[in-house]
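Residue strings, one per chain:
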Amino acid sequence: MKYPLKAHADFVLKDPGLLSGKPFVNGDWTPGSGPLLPVVNPANGNLLGEVATLSPKEVAQAIGAAEAAFLLWRHLPAKARGNILEKWSVLIETHVDDLARIMTLEEGKPLAEARGEVLSSAAFARWFAEEGKRAYGEIIPAHLDDRRLLVLREPVGVAAAITPWNFPCSMIVRKAAPALAAGCTVVLKPAEATPFSALALAELAYRAGFPAGAFNVVPGDPEQIGNVFTRHPGVRKISFTGSTRVGKLLIGKSAEQVQRVTLELGGNAPFLVFEDADLEIAVADAVAAKFRNAGQACIAVNRIYVHESLFASFVERFAEKTAALKVGNGLAAGSEVGPVITETAFARLRTLVDDAVRQCGKVAVGGKPHALARETGGFFFEPTVIVNPSSGARVLHEEIFGPLVSILPFRNDAEVLSLANDTEYGLAAYFYTQDIRRLFHVSEALQFGMVGVNTTAIASEAAPFGGVKASGIGREGGRHGIEDYLEYKTVWAAGL
């Protein structure tokens, strides 16, 4: 039996078969010998259910199953692999309502946002179903007449993926789909807070026809599983999305096995509003990009810099729109901002606000726990706007990961570029202008892997996603997303 030992009444699904409380290894549900993992609804603190976990030995066995499956999966024609990925995509779309409900219950985001994420996940599976057929090799002109020089593209082997809780569907498919399309097999460690989304995707992968061992889901202790991934000689690639601190640890440990590593780490995104910007569009986009998923996104707007000529108007309009946001349980109609994920994240927001106030910041909106936190026991924090904190404030230097943003004025381009780049992170940045000269100059001057110009919609299955500096290594999405799952093999043929 794969169902959770306990399941909350809110888990009412059209297809109950998507709900599993057991790891998925080698094409089957396994009980696991690790401790049960409780999963809590951040909107009310209710226990949603418990998930069985795997011991380090059992995780190693899952890697062994992936190694065995790799010997077969890699030789399946790319078109055949793509057909299975396409079926997975269709199944994800078909079950969008159930997947979104699972996600909202365990992660907290509004149901509409959850549906959008599920459909984005399907788009990644479909994109890489096609991209796997385009992993072209080369024939290079040789230096001798009787030689031929061939370059083949081959899958690297078993890929281990570690995914975060804030986008518990799309982060999984964004990693697994290119790996599987390339011919690799996957062992996935989902976030402890959101394992039900991962296990539902495993059920759909099973229905899509992936062979046993091609896609495995191994819930458990993150440190123990990370150690197995980095020490097991069968793991040839690690893909991780999470904090910069953990990413640095993984790099060091993965060096022992000389594993390939893709890291999508923290962010501290600036949002620049120049004097010629369309103010209404800039305000609306900034609100959306800050408070989507309660600000719990690596590309969420953290710092807003507005030209001094527009500063007062921007703050007034931004504060007005922020105050009008509807905070509530993600399942409730009209909810726009849900809870943060844990009590620790909830408490940290209050600490950041207190620090910003000590650093001369003025609270324009919010600044404290929302009334729903007392009424429901959920981790709801008011959408909060801090105006003009001093340069030492933590909100300007740390990744916020919550519904909190600061707004500061600037005088000229040189000043704001210096402020924007004054961070160890380099994931996403945004700016608003109508000046085509500034479009190129500022885009090139910003030290970030992704830049949105007059838009904050910068994530797509067709484009590379990733950062520079302490925000990571490598790219996911686009034709570039399959590259780190492929090796080059050079073949010299003589006597021809």
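Residues numbered from 1 in each chain as written. Predicted model: local features only at pLDDT ≥ 70, side-chain atom pairs only at ≥ 80, totals over all residues. Heavy atoms only, no water.

J.: Looking at this structure, I do not really get the overall build of the protein chain. What am I missing?
T.: Secondary structure summary: the protein chain contains 14 helices and 22 strands in total. Computed over its C-alpha atoms, the radius of gyration of the protein chain comes to 23 Å, within 12% of the 23 Å expected for a compact globule of 496 residues. Put simply, the protein chain has 496 residues, and 57% of those count as buried. A separation of at least 24 residues holds for 73% of the contacts in the protein chain among residues at least 6 apart in sequence. Within the structure as shown, the protein chain displays about 19400 Å² of accessible surface, and the carbon and sulfur contribution to it stands at 55%. Within the protein chain, the 53 negative side-chain charges are centred at a point lying 3 Å from the centre of the 49 positive side-chain charges. (Helix = DSSP H or I, 4+ residues; strand = E, 2+ residues; numbered from the N terminus. Rg over C-alpha atoms; globule rule 2.2 N^0.38 Å. Buried < 20%, exposed > 50% of the residue type's maximum accessible area, 1.4 Å probe, protein only. Contact = heavy atoms within 4.5 Å. Areas by Shrake-Rupley, 256 points an atom, 1.4 Å probe, with all protein chains shown as cover. Lys, Arg positive; Asp, Glu negative; His and termini not counted. Charge placed at Lys NZ, Arg CZ, Asp CG, Glu CD.)

J.: Looking at this structure, I do not really get the side chain of Thr230. What am I missing?
T.: Structurally, the position occupied by Thr230 is in helix α7 (residues 222–231). The exposure class of Thr230 is buried, given its relative accessible area of 1%. A distance of 3.2 Å separates a polar side-chain atom of Thr230 from the backbone oxygen of Asn227. In contact with Thr230, not counting residues within four places along its chain, are Ile238, Leu250, Lys253, Ser254, Gln257 and Gln259. (Polar contact = N/O pair within 3.5 Å; in protein donor to acceptor, adjacent residues only side chain to side chain.)

J.: So what exactly am I meant to see when it comes to the environment of Phe167 here?
T.: When you line up the elements, Phe167 lands in the loop between β7 (158–162) and α5 (170–182). Separated by 253 residues in sequence, Phe167 and Ala420 have C-alpha atoms that sit 26 Å apart. In contact with Phe167, not counting residues within four places along its chain, are Lys109, Glu117, Asn293, Gln296 and Ala297.

J.: Can you help me understand the nonpolar core in this one?
T.: For soluble globular proteins, the rule of thumb is that nonpolar side chains tend to be buried together. With 60 residues, the main nonpolar core has Trp88, Ile92, Leu180, Phe210 and Phe215 as its most contacted residues. Counting residues per element, this core draws most heavily on helix α6 (residues 195–208), at nine residues. Every residue in contact with Phe210, bar those within four places of it in the chain, is listed here: Trp73, Ile84, Leu85, Trp88, Leu180 and Ala205. In terms of nonpolar packing, the next biggest core, distinct from the first, is built from 41 residues, Ala269, Ile299, Ala428 and Ile458 among them. (Core = buried A, V, L, I, M, F, W, Y, C linked by side-chain atoms within 4.5 Å.)

J.: Explain the side chain of Glu117 here, please?
T.: In this fold, Glu117 is placed in helix α4 (residues 111–131). Judged by relative accessible area, which is 4%, Glu117 ranks as buried. At 2.9 Å, the side chain of Glu117 forms a polar contact with the backbone nitrogen of Cys169. The contacts of Glu117, once residues within four sequence positions are left out, are Met103, Lys109, Asn166, Phe167, Pro168, Cys169 and Ser170.

J.: Would you mind showing me how to read the packing of helix α3 (residues 96–107) against α4 here?
T.: Two measures define how a pair of helices packs: the angle their axes make with one another and the distance between the axes. Interhelical geometry of α3 versus α4 gives an angle of 125° and a closest axis separation of 8 Å. On the basis of their axis angle, the class for α3 and α4 is oblique. Two packed elements cross with a definite hand, and for α3 against α4 that hand is right-handed. Facing Val96, Asp97, Leu99, Ala100, Arg101, Met103 and Thr104 of α3, the residues of α4 in contact are Leu111, Ala114, Arg115, Glu117, Val118 and Leu119. Split by residue class, the contact of α3 with α4 holds eight nonpolar, one polar and four charged. (Axes fitted to C-alpha atoms, helices over the stretch in contact; angles between N-to-C directions. Parallel < 35°, antiparallel > 145°, perpendicular 65-115°, else oblique. Left-handed = near helix turned anticlockwise from the far one by under 90°. Nonpolar A, V, L, I, M, F, W, Y, C, P; charged D, E, K, R; others polar.)

J.: I'm lost on the packing of aromatic side chains in this one. Help?
T.: Aromatic rings in a pair are described by how distant their centres are and how their planes are angled relative to each other. Under the criterion given, the structure shown has 15 aromatic pairs. Look at Phe346 and Phe379: their rings are 6.5 Å apart centre to centre, the planes differ by 45°, and that puts the pair in the tilted class. Within this pair, whereas Phe346 is found in helix α11 (residues 343–358), its partner Phe379 is found in the loop between α12 (371–376) and β15 (384–387), the two being separated by 33 residues in sequence. Here the aromatic cluster, defined as three or more aromatic residues joined through ring pairs, consists of Trp73, Trp88, Phe210 and Phe215. (Phe/Tyr/Trp six-rings, centres within 6.5 Å; stacked < 30°, edge-to-face > 60°.)

J.: Can you walk me through the sheet that holds strand β13 (residues 301–307) in this structure?
T.: The strands making up a sheet are joined through hydrogen bonds of the backbone, oriented either antiparallel or parallel. Here we have seven strands laid out as an open sheet, ordered β14-β15-β16-β13-β12-β18-β19, and mixed in their pairing. Only two strands of the sheet have a single partner each, and these edge strands are β14 (362–365) and β19 (450–453). Looking at each pair of strands side by side, their axes are set apart by 25° on average, direction ignored. Packing against the sheet, helix α13 (residues 413–421) makes contact with β12 (269–273), β13 and β16 (404–410), and its axis sits at approximately 170° to β13. (Pairing = 2+ DSSP bridges.)

J.: I keep staring at the environment of Leu349 and nothing clicks. Help me out?
T.: Checked against the element boundaries, Leu349 lands in helix α11. Taking C-alpha positions, Leu349 is 45 Å from Ala135, a pair spaced 214 residues apart along the chain. Among residues more than four places away in sequence, those in contact with Leu349 are Val340, Phe381, Ile400, Gly402, Pro403 and Leu404.

J.: Help me understand the environment of Ala323 in this model?
T.: With respect to the helices and strands, Ala323 occurs in helix α10 (residues 311–323). Note on Ala323: relative accessible area 53%, which makes it exposed. Counting along the chain gives 91 residues from Ala323 to His232, while the straight-line C-alpha distance between them is 51 Å.

J.: Teacher, can you tell me more about the pairing of β19 here?
T.: Each regular strand shows side chains that alternate between the opposite faces of the sheet. On β19, burial follows the alternation: Met450 and Gly452 on one face are buried, whereas Val451 and Val453 on the facing-out side are not. As judged from the four bridges shared by strand β18 (residues 428–432) and β19, these two strands associate in the parallel manner. The residue bridging Ala429 from the neighbouring strand is Val451, located in β19.

J.: Is there a simple way to think about the sheet that holds strand β22 (residues 486–493) in this case?
T.: With antiparallel pairing, the three strands of this open sheet are ordered in space as β5-β6-β22. One side of each edge strand has no neighbouring strand; the edge strands of this open sheet are β5 (138–140) and β22. Taken over all neighbouring pairs, the strand axes of this sheet differ in orientation by 25° on average, direction set aside. Bridge count for β5 against strand β6 (residues 148–155) is three bridges, and the pairing is antiparallel. Paired with Ile140 across the strands is Leu149, a residue of β6.

J.: Can you help me understand the pattern of salt bridges in this one?
T.: A side chain with one charge can pair with a side chain of the opposite charge if their charged atoms come near. Within this structure, the stated rule accounts for 30 salt bridges. Close ionic contact of Arg207 with Glu203 constitutes a salt bridge, the shortest N to O distance being 2.7 Å. Residue Arg207 and its partner Glu203 are located together in helix α6, separated by four residues, close to a single helical turn. On the accessibility criterion, Arg207 (33% relative accessible area) is partly exposed. Among the ionic pairs, Arg358 bridges to Asp355, the shortest N-O distance being 4.0 Å. Pair noted here: Arg358 and Asp355 are both in helix α11, with a separation of three residues, about one helical turn. (Salt bridge = Lys/Arg side-chain N within 4 Å of Asp/Glu carboxyl O.)

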